[in-house]
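Descriptive analysis of the structure
If you want the building blocks of each chain, they are given just below.
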Amino acid sequence: MKTRREFIKVSTIGVGSLAAAGGLLSSLPIKDIFGQSQKVENNKSNANKQFPTYCEICFWQCAAWVQTDENGEIKSVTGNVDDPHCNGRLCPRGTAGVGMYKDEDRLKNPKIRTTVNGKQVFKDVTWEEALDYIAVKMKKIKVEHGAECTALFTHGSGGKFLGHLLQAFGSTNIAAPSYAQCRGPREVGFIATFGAGIGSPEPTDIRNSRCLVLIGSHIGENMHNGQVQEMSDMIRNNATIITVDPRFSTAASKSKYWLPIKPATDLALLLAWIHEIIYNDYYDKAYIEKYAHGFAELKEHVKNYTPEWAYGITTIEPHVIRETAREMRNASPSVIIHPGRHVTWYGDDTQRLRAVAILNALLGSWGRRGGFYNPESLHLPNFPAPKYPKPNRDWRDAFPGKFNLAGLALASGVCDATVPSITRDCNIKGWIVNGTNLIETLPDQANTIKAIEALDLLVVIDTMPMEITGYADVILPECTYLERYDEIRTSAHRFPTFALRMPAHAPLYDSKPDWWIAKELGNRLGLSDYFAYKDIEEMLDWQLKSVGSSLEEMQKIGVKKFDREEDNLYSLNGEDYEFNTNTGKIELYSTALEEEGFDPMPKYTAHPEPEAGFYRLNYGRAPMHTFSRTANNPQLFELMEENVVWVNPKIAEEWSLANGQEVWLENQDGVVTEFPIKVRVTERIRFDSVYMVHGFGHSKKQLSRAYGRGASDTQLVTRVMLDPIMGGTGMRGNFVTFHTSKPEKTVPDSRKVESSKLVKEEGGKA
Ligand SMILES: Nc1nc2c(c(=O)[nH]1)N[C@H]1C(S)=C(S)[C@@H](COP(=O)(O)OP(=O)(O)OC[C@H]3O[C@@H](n4cnc5c(=O)[nH]c(N)nc54)[C@H](O)[C@@H]3O)O[C@H]1N2
Ligand SMILES: Nc1nc2c(c(=O)[nH]1)N[C@H]1C(S)=C(S)[C@@H](COP(=O)(O)OP(=O)(O)OC[C@H]3O[C@@H](n4cnc5c(=O)[nH]c(N)nc54)[C@H](O)[C@@H]3O)O[C@H]1N2
Ligand code: SF4
Ligand SMILES: [Mo]
């Protein structure tokens, strides 16, 4: 069958030759790389100034200042001292924000997929042409299938404008991979327990805590700034850190206790801790009596979950389980069992996070100093606009009766609802993908591509040529965060703050911000009433003036702090409080889960184990990179060029693998990595697992530095362990084995979508 959409590599004439010289380029110092192809507009009126922004290299959104040089060129980015997210210090990635702006491989102008001489290529077009094309296609989808058959995938600030556009158009299918592929189960587990989710930044009072328990949450490699800083403060104060991780992480190296747990068994450890804390009367009696529901049921439920029972499952010795439970009790209520963030591991993730929430409840840490504080934010009113039309269906209709507790749309669910199925009547036909590299982000790449094949329209808005842009019908280049305004950051913290992002330079090339793209598309779709401001400056000024500030003020200060409305940072010291749960109490026994037919209290269930010769694929973060988005950043590439696979010495010996040797990994479904990855032999990983950093192994040649460097974990995540409660995609149930030379086939027939769909052609002129 002839495929409609072939994979096209976005290429430019200049970049094609640069890519060929990738090896050479990569060894040049950063300034030479910048000097080579950069045509930076001279912008002298901006010379030697500083402009406020907040960082977009990850979602901690640290507020910062952008400095320009004597030519008005962006020179550096530094932390804003008034910002509680960063306290004036950026992480290495934030400092390298300039590299994102100066990356010569950036997308430079809009493109439309077209066929020339029977070959699919991308044609350079004007913004007018690109936006007209999209509007015509969207209207057609609306007439033929309904507006609800469109969806937005978005990760990052500009998504709000596109979300507004989509809702005005008539669809509520707005999904971010930061939910079903990341923190969704944590939110659902905590909402079921405390009636409130965690959100971002996490309201963990780490700096005042006396005991921090990290369960696969690798702060220090996971560089979420404020909490890394607070954890350093804790270490200086000699507070106790307990790290549960099959790998000797950076956090483990700073901990009093490292529990090298057998992967996939954390729930057993958590239940044993709950058992210890209840049966030794370590729990906070007054707190539980006043605030909790279901203590007696919980006590009975965990009766047999003893440390000896857990030892057989987790390999953590009973005396260690007892000692660490005592450490938690000694610190209570200033103790945090950290909820983690990327928690979609084994499919029972909501229940594991329920156990984490229950443990925090028993120790009385929710709403207490050194535990979880009560975050506060100040909201800005929306610019006046008509009401959104009410769609008569959404992605949920594809899953009748399922995932009712999911609080947000599932990116994987929207993707599944796009794959044609005779049993579903909600097939999505148009996607706008903004700031998310879905090919590397969603598990089961073959499924993602199957969904893309079924689309009538795929618009990709990105700053870089990434794997996802190769599948687009229309590519729109967004300018980087250093070249644009966005919404005011209003995230909750110990006190409310606003942070402004404004351009420090005009957009390079022919790139545009999301707010402009959304407004222009709105005009073409007959939705201009929803965008009734001249430009974003007018809108922001209107919003800020409504709360007694102004755009002018924010341009000067960058961050504005507000007092809390009430003195209730720690609100549960005996005060009356009604939780937003069915019982109005902290639910140790969850009535909401019971109503949905799930276990009201977490139960341990075993997960599949690797066969002989296979090892569990474990992945995580490196301090100097964010997912797949920074691999090509010239400054960060200098710090880390590729990922490596961590292999235990015992296994390395069995396979005769040497440090630095290249291997190809093959998973349980016969999928082999496209590129080889170097071995790192280390005691820091258990013998039953291997570990690699996510975000490498780019197959996009236009990424002149990152192409083919290291391997992609996503290629190996073909098995998904679905969380039945909220639809999170557990991704750590995949097993791999080694090849020392490249095996012939890289994709087994059973997983091939359509071979020609992955034809990697060079595109036309860009
Ligand atoms: N295998 C595997 N999959 C994972 C994970 C994992 O560890 N392993 N982690 C999961 C987690 S925790 C998360 S949160 C998600 C993250 O998933 P994503 O957010 O999809 O992560 P990235 O791969 O960084 O893709 C970001 C995309 O946005 C583009 N971009 C960067 N800045 C801008 C901008 O200002 N504007 C626009 N329009 N585009 C921009 C980048 O070029 C890139 O294409 O992935 C999840 N998926
Ligand atoms: N530098 C940097 N920092 C980041 C990001 C980034 O891309 N780069 N991304 C941000 C985002 S969106 C997120 S969601 C967070 C993610 O960061 P976290 O939520 O902290 O962690 P994960 O990525 O889930 O976890 C990785 C850790 O879990 C361990 N692990 C694996 N399997 C198991 C197991 O069965 N049990 C236990 N106990 N541990 C296990 C791994 O060895 C590894 O140390 O990081 C954030 N911070
Ligand atoms: S933690 Fe680092 S990358 Fe993330 S927003 Fe802050 S400075 Fe930027
Ligand atoms: Mo995440």
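Residues numbered from 1 in each chain as written. Chains lettered and ligands numbered in written order. Predicted model: local features only at pLDDT ≥ 70, side-chain atom pairs only at ≥ 80, totals over all residues. Heavy atoms only, no water.

1. Quick word on the domain arrangement of the chain
Domain annotation for the chain reports domain 1 (193-374) and domain 2 (615-760). Listed as interface residues are 25 residues of domain 1 and, on the opposing side, 26 residues of domain 2. Of the roughly 1900 Å² buried where domain 1 meets domain 2, counting both sides, 54% is carbon and sulfur surface. Considering only the surface of domain 1 that becomes buried against domain 2, Arg 247, His 342 and Tyr 346 emerge as the three largest contributors, covering 26% of it. The interface formed by domain 1 and domain 2 holds zero salt bridges in total. At the junction of domain 1 and domain 2, the tally comes to ten residue pairs in polar contact (both at pLDDT 80 or more). The leading source of residues in the side of domain 1 that touches domain 2 is helix 16 (residues 349-362), at three residues. A per-class count over the side of domain 1 that touches domain 2 returns nine nonpolar, eleven polar and five charged. (Domains from an automatic or database assignment. Contact = heavy atoms within 4.5 Å. Buried area = accessible area lost by both parts, 1.4 Å probe. Salt bridge = Lys/Arg side-chain N within 4 Å of Asp/Glu carboxyl O. Polar contact = N/O pair within 3.5 Å; in protein donor to acceptor, adjacent residues only side chain to side chain. Helix = DSSP H or I, 4+ residues; strand = E, 2+ residues; numbered from the N terminus. Nonpolar A, V, L, I, M, F, W, Y, C, P; charged D, E, K, R; others polar.)

2. Observations concerning the sheet that holds strand 4 (residues 74-79)
Strand order in the open sheet formed by three strands is 2-3-4, with antiparallel pairing between adjacent strands. Unpaired on one side and paired on the other, strand 2 (50-54) and strand 4 mark the two borders of the sheet. Shown here is a sheet whose adjacent strand axes are inclined to one another by a mean of 30°, direction ignored. (Pairing = 2+ DSSP bridges. Axes fitted to C-alpha atoms, helices over the stretch in contact; angles between N-to-C directions.)

3. Quick notes on the nonpolar core
A general tendency of soluble globular proteins is for nonpolar side chains to be buried together. With 72 residues, the main nonpolar core has Trp 273 and Leu 362 as its most contacted residues. Counting residues per element, this core draws most heavily on helix 11 (residues 266-279), which supplies ten residues. Listed in part, the 66 residues of the second largest apolar core include Ile 57, Ile 112, Phe 169 and Leu 482. (Core = buried A, V, L, I, M, F, W, Y, C linked by side-chain atoms within 4.5 Å. Buried < 20%, exposed > 50% of the residue type's maximum accessible area, 1.4 Å probe, protein only.)

4. So, unusual backbone geometry
Ser 200 connects to Pro 201 through a cis peptide bond whose omega is -5°. Here the amide bond leading from Ser 332 into Pro 333 is cis, since omega sits at 5°, within 30 degrees of zero. Positionally, Pro 333 belongs in the loop between helix 15 (318-331) and strand 13 (335-337).

5. Focus: the environment of Pro 477
Looking at where Pro 477 falls in the secondary structure, it is placed in strand 16 (residues 474-477). Here the alpha-carbon distance between Pro 477 and Pro 110, two residues 367 residues apart in the chain, equals 6.0 Å. Among residues more than four places away in sequence, those in contact with Pro 477 are Leu 107, Lys 108, Asn 109, Pro 110, Trp 127, Asp 462, Asp 510, Ser 511 and Lys 512.

6. Thoughts on the pairing of strand 5 (residues 111-116)
Note: strand 5 against strand 6 (residues 119-124), six bridges, orientation antiparallel. By the bridge assignment, Val 116 is partnered in strand 6 with Lys 119. Where strand 5 folds back on strand 6, the antiparallel hairpin that results is connected by two residues, among which Asn 117 adopts a positive phi of roughly 50°. In the sheet, strand 5 pairs with strand 16 via two bridges, with the strands oriented antiparallel. Pairing of Ile 112 across the sheet is with Val 474, part of strand 16.

7. Remarks on helix 6 (residues 127-144)
Over its 18 residues, helix 6 runs 26 Å from end to end, which matches the ideal 26 Å to within 8%, given 1.5 Å per residue. Of the residues making up helix 6, those classed as buried are Trp 127, Ala 130, Leu 131, Ile 134, Ala 135, Met 138 and Ile 141. Projection of helix 6 onto a plane perpendicular to its axis shows the buried side chains occupying an angular sector of 130°, all on one side. Those residues of helix 6 that are exposed and aimed more than 90 degrees away from the buried face are Glu 128, Val 136 and Val 143. Following helix 6 by one or two positions, Gly 146 adopts a phi angle in the positive range, close to 105°. (Expected span 1.5 Å × (residues − 1). Arc of directions from axis to C-beta.)

8. Topic: helix 9 (residues 225-236)
The terminal C-alpha atoms of helix 9, which comprises twelve residues, lie 17 Å apart, in line with the 16 Å expected from a rise of 1.5 Å per residue. Among the residues making up helix 9, those that are buried are Asn 225, Gly 226, Gln 227, Val 228, Gln 229, Glu 230, Met 231 and Met 234. In the core, the buried residues of helix 9 are packed alongside strand 9 (211-215), strand 10 (240-244) and helix 10 (250-253). Residue Asn 238 follows helix 9 closely and has a positive phi angle near 60°.

9. Thoughts on the sheet that holds strand 9
Across the sheet, four strands lie side by side as 11-10-9-13; this open sheet has parallel pairing. Every interior strand has two partners, whereas the edge strands, strand 11 (257-259) and strand 13, have only one. Pairwise comparison of adjacent strand axes, ignoring direction, gives a mean angle of 10° for this sheet. As defined by bridge partners, strand 9 adjoins strand 13 across three bridges and the pair is classed as parallel. Directly across from Cys 211, in strand 13, lies its bridge partner Val 335. Sitting on the sheet, helix 15 touches strand 9, strand 10, strand 11 and strand 13, and the angle it makes with strand 11 is about 130°.

10. So, the packing of aromatic side chains
Applying the stated rule across the entire model yields 26 aromatic pairs. Aromatic pair Phe 190 and Phe 372: ring centres 6.1 Å apart, planes at 50°, arrangement tilted. Here Phe 372 lies in the loop between helix 16 and helix 17 (411-416) and Phe 190 lies in helix 8 (residues 177-194), a separation of 182 residues in the sequence. With centroids separated by 5.1 Å and ring planes inclined at 40°, the aromatic side chains of Trp 366 and Phe 372 adopt a geometry described as tilted. With relative accessibility at 1%, the residue Phe 372 sits in the buried group. Connected via pairs of aromatic rings, a cluster forms that spans Phe 190, Phe 194, Trp 366 and Phe 372. (Phe/Tyr/Trp six-rings, centres within 6.5 Å; stacked < 30°, edge-to-face > 60°.)

11. Some thoughts on the site of ligand 1
Taken together, 28 residues form the shell around ligand 1, and within it His 155, Thr 441, Asp 462, Glu 478 and Ser 628 come nearest. A distance of 2.7 Å separates an oxygen atom of ligand 1 from a polar side-chain atom of Thr 441. Separating an oxygen atom of ligand 1 from a side-chain N or O atom of Arg 621 is a distance of 3.0 Å. Out of a free accessible area of 920 Å², ligand 1 has 98% covered by protein chains. Mapped by element, the contributors of at least two residues to the shell around ligand 1 are helix 8, helix 18 (438-441), strand 15 (457-462) and helix 26 (713-716). By residue number, the principal contributor to the shell around ligand 1 is helix 8, which donates three residues. A class-by-class count of the residues in the shell around ligand 1 yields nine nonpolar, twelve polar and seven charged. (Near = heavy atom within 4 Å. Areas by Shrake-Rupley, 256 points an atom, 1.4 Å probe, with all protein chains shown as cover.)

12. Examining the confidence of the model for the chain
In this model, the chain carries a mean pLDDT of 92, and residues with pLDDT of at least 70 account for 91%. Taken together, the stretch residues 1-5 has pLDDT below 50 and engages in 22 contacts with residues farther than four places along the chain or on a different chain. (pLDDT = per-residue confidence, 0-100.)

13. Describing the pairing of strand 23 (residues 677-681)
Remark: a regular strand shows side chains that alternate across the two faces of the sheet. Pairing of strand 21 (residues 644-647) with strand 23, which is carried by four bridges, proceeds in the parallel orientation. Its bridge partner lying in strand 23, Val 644 is registered against Lys 678. Where strand 22 (residues 662-667) meets strand 23, two bridges bridge the pair, whose relative direction is antiparallel. Residue pairing for strand 23: Glu 662 is matched across the bridge by Lys 678.

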